[in-house]
Amino acid sequence: MKLSIIGSGYVGTTLAACLADVGHDVVNVDIDEDIVATLNDGEAPIHEPGLDELIAEHAGDRLRATTDYDAVLDTDATFLALPTPSMEDGSNDLTAMKAAATSLGETLTAKDDEHVVITKSTVVPSTTEEVIAPRIADASGMTVGDGFHVAMNPEFLREGTAVSDFLDPDKIVLGAETDTAFDVLDGIFAPLVERANDPTVVKTGIREAEMIKYANNAFLASKISLANELANICKEYDVDSGEVLDAIGLDSRIEAAFLGAGLGWGGSCFPKDVAALAAAARDKGYEPKLLNAVVAVNDGQPGRMLDLLRKRFDPAGKRIAVLGLSFKPGTDDIRESRAILLIEALLDAGASVVGYDPVATENMREQFPDIDYAQSAAEALEGADAALVATDWDEFAALDDQFDEMRQNVVIDGRNIVTRRDGLDYESLV
Ligand SMILES: NC(=O)c1ccc[n+]([C@@H]2O[C@H](COP(=O)([O-])OP(=O)(O)OC[C@H]3O[C@@H](n4cnc5c(N)ncnc54)[C@H](O)[C@@H]3O)[C@@H](O)[C@H]2O)c1
Ligand SMILES: O=c1ccn([C@@H]2O[C@H](COP(=O)(O)OP(=O)(O)O[C@H]3O[C@H](CO)[C@@H](O)[C@H](O)[C@H]3O)[C@@H](O)[C@H]2O)c(=O)[nH]1
């Protein structure tokens, strides 16, 4: 099939490369000329394992990029993969979605055959039908179901494993209200389903598809917060929370994934999506009590880590190494990274901070240009009074005599990853 994708960030680029790989002709439309040029040069505009290879293979053939919306005219369907960031009250900022819907509608006036517009972005229930579809209708002069159709296909990929998550998903959720839309969605995903490891295809309504995405992320974030709360209680009773969480994860009704206790969840999705779902609930007069608590537990973890440091000494005037700056291992993304909160708190307390991360240093330097950055964990530890471990990069598990170069031997582990050794004043957050 011929497909267009508006927005070529983490999701749009992965979607484009993977859909080209399963055999479709794909064009990416983005307002960012640099991203378009990078894609047309056969390179990935973002850092994701396997993405460079797919783009190098298909660019100039089944995959191209442009800033010109007219490219959608030669396609059967368009995905909207635009950002939906948080506004002050947590609700979605739909500026990019609205702008893209209007541009798309204006373009579709020149199209003779029917077109299917698929929301890929994470949006609260009713957004596709009540915000996006009316804008396309107004700008195109067409009506929903006659000239164009709308659909919703939420995305569950994780950063760091985006390509493999997309090409081998647990489930594919297709939300639509018309047979035409479902037929087009079937045509798009059939070659992926055939190649993947038997994913379940969930066919549902548009609002249900929108909600499934939020429910998925809310559940995972809640699971981590519950693991953190249990681990915090374990700590009070000198109980090994790792053993407890591993054991409950063996229950097939609970499952081991996302029980990793520690500094909590960050990234571009969980904080934004839990906030948007809570804001959407409040908008309808329902106070989301459990989600509020899930956020509160998450927000509390960095402060608990600082308390463990303060138990040893006042950080004012001390040199503190923060190991790990990205929001999770395997990515250079620092959005909503817990390390940001630690660094802010340390600076507020009058400490001097040296940060180290295998790949995220340059991104953190934009946020904190005035702290020190080390080229290695060993360099960060040299002369430090304490080390705070913020991200579970594998290399931190292997640290050993590098700790000998610290001025004081305090190590507070926010991810329970450092191997215990003699001579360290080591404490895990959980
Ligand atoms: N990043 C993830 O891991 C992930 C996973 C699942 C779902 N999502 C959701 O997918 C959506 C997109 O997220 P992302 O991380 O890919 O965003 P992103 O910020 O990485 O990319 C968005 C792209 O849209 C482009 N854009 C903005 N306005 C435009 C316009 N009017 N016309 C054309 N292009 C325009 C930007 O230039 C940018 O390249 C969000 O709703 C997000 O919540 C993200
Ligand atoms: O047991 C765990 C697992 C994760 N995390 C933290 O949770 C955050 C998010 O991690 P992860 O879910 O692996 O990364 P994301 O790329 O943010 O992916 C989430 O957000 C995406 C955007 O919506 C969804 O598509 C994915 O399904 C969903 O997992 C990170 O800060 C992790 O450190 C924990 O603290 N403990």
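Since this is a predicted model, take the numbers as computed values, not measurements. (Residues numbered from 1 in each chain as written. Chains lettered and ligands numbered in written order. Predicted model: local features only at pLDDT ≥ 70, side-chain atom pairs only at ≥ 80, totals over all residues. Heavy atoms only, no water.)

## Some details on the UniProt feature "binding site: substrate" (unreviewed entry) in the chain
Taking the UniProt record as the reference, the feature "binding site: substrate" (unreviewed entry) is found at Phe-156, Leu-157, Arg-158, Glu-159, Lys-213, Phe-258, Leu-259, Gly-260, Ala-261, Gly-262, Gly-266 and Lys-328. Taken together, the annotated residues stretch across 173 residues and extend over separate regions, lying up to 24.5 Å apart by C-alpha. Among the annotated residues just listed, those that line the largest pocket are Phe-156, Leu-157, Arg-158, Glu-159, Lys-213, Phe-258, Leu-259, Gly-260, Ala-261, Gly-266 and Lys-328. Here Leu-157 is to be found in the loop between strand 7 (147-152) and helix 6 (162-167). Not counting the four nearest positions on each side in its chain, Leu-157 is found in contact with Thr-14, Ala-162 and Asp-165. (UniProt positions renumbered as here; feature names shortened; annotations may be inferred. 1 Å grid on protein atoms, 1.4 Å probe; cavity = no way out; pocket = protein on both sides within 12 Å on 5 of 7 lines; lining within 4 Å. Helix = DSSP H or I, 4+ residues; strand = E, 2+ residues; numbered from the N terminus. Contact = heavy atoms within 4.5 Å.)

## Regarding the UniProt feature "binding site: NAD(+)" (unreviewed entry) in the chain
Taking the UniProt record as the reference, the feature "binding site: NAD(+)" (unreviewed entry) is found at Asp-30, Thr-84, Thr-122, Glu-159, Lys-272 and Arg-335. Look at the named residues: they lie 306 residues apart in sequence, and the longest C-alpha span between them is 22.6 Å, so in the fold they stay spread out. Lining residues of the largest pocket, restricted to the annotated ones just named, are Glu-159. Within the secondary structure, Thr-84 sits in the loop between strand 4 (77-80) and helix 4 (95-108).

## Quick word on the site of ligand 1
Around ligand 1, the surrounding shell holds 26 residues, and the nearest of these are Val-11, Asp-30, Tyr-69, Thr-84 and Lys-272. In this structure, a nitrogen atom belonging to ligand 1 sits 2.7 Å away from a side-chain N or O atom of Tyr-69. One nitrogen or oxygen atom from the main chain of Thr-122 is found 3.0 Å from an oxygen atom belonging to ligand 1. (Near = heavy atom within 4 Å. Polar contact = N/O pair within 3.5 Å; in protein donor to acceptor, adjacent residues only side chain to side chain.)

## Quick word on helix 12 (residues 338-348)
One turn of an α-helix holds 3.6 residues; hence residues three or four places apart share an orientation. Those residues of helix 12 that fall on the buried side of the exposure criterion are Arg-338, Ala-339, Ile-340, Leu-342, Ile-343 and Leu-346. Where helix 12 is buried, its residues meet helix 11 (289-312), strand 10 (319-323), strand 11 (352-356), helix 13 (361-367) and strand 13 (386-389). Capping of helix 12 at its N-terminal end is provided by Ser-337; its side-chain oxygen lies 3.1 Å from the backbone amide nitrogen of Ala-339. Gly-350 sits one or two positions beyond helix 12 and adopts a positive phi of about 90 degrees. (Buried < 20%, exposed > 50% of the residue type's maximum accessible area, 1.4 Å probe, protein only.)

## Considerations on the domain arrangement of the chain
When the domains of the chain are assigned, the result is domain 1 (2-204) and domain 2 (300-428). Listed per partner, the contact involves five residues of domain 1 and seven residues of domain 2. Taken together, the two surfaces of domain 1 and domain 2 that pack against each other cover about 490 Å², and 40% of this comes from carbon and sulfur. Broken down residue by residue, the surface that domain 1 buries against domain 2 is led by Tyr-10, His-47 and Glu-159, which jointly contribute 83%. A salt bridge links Arg-335 to Glu-159; the nearest nitrogen and oxygen atoms lie 3.4 Å apart. The tally of links between domain 1 and domain 2 comes to two residue pairs in polar contact (both at pLDDT 80 or more). (Domains from an automatic or database assignment. Buried area = accessible area lost by both parts, 1.4 Å probe. Salt bridge = Lys/Arg side-chain N within 4 Å of Asp/Glu carboxyl O.)

## Some points on the layout of surface pockets
By volume, the largest pocket is sized at about 1400 Å³. As for the largest pocket, its lining consists of 50 residues, and the residues nearest its centre are Arg-158, Leu-220, Phe-258, Phe-270 and Lys-328. Within the residue set of the lining of the largest pocket, elements represented by two or more residues are helix 6, strand 8 (171-176), helix 7 (179-195), helix 8 (206-236) and helix 9 (241-249). Sort the elements by how many residues they give to the lining of the largest pocket and helix 8 lands first, with five residues. In terms of residue class, the lining of the largest pocket is made up of 23 nonpolar, 14 polar and 13 charged. Taken together, domain 1 (2-204) and domain 2 (300-428) each give at least three residues to the lining of the largest pocket, which thus spans both. (Points joined across faces, edges and corners; volume = space filled by probe spheres on them. Nonpolar A, V, L, I, M, F, W, Y, C, P; charged D, E, K, R; others polar.)

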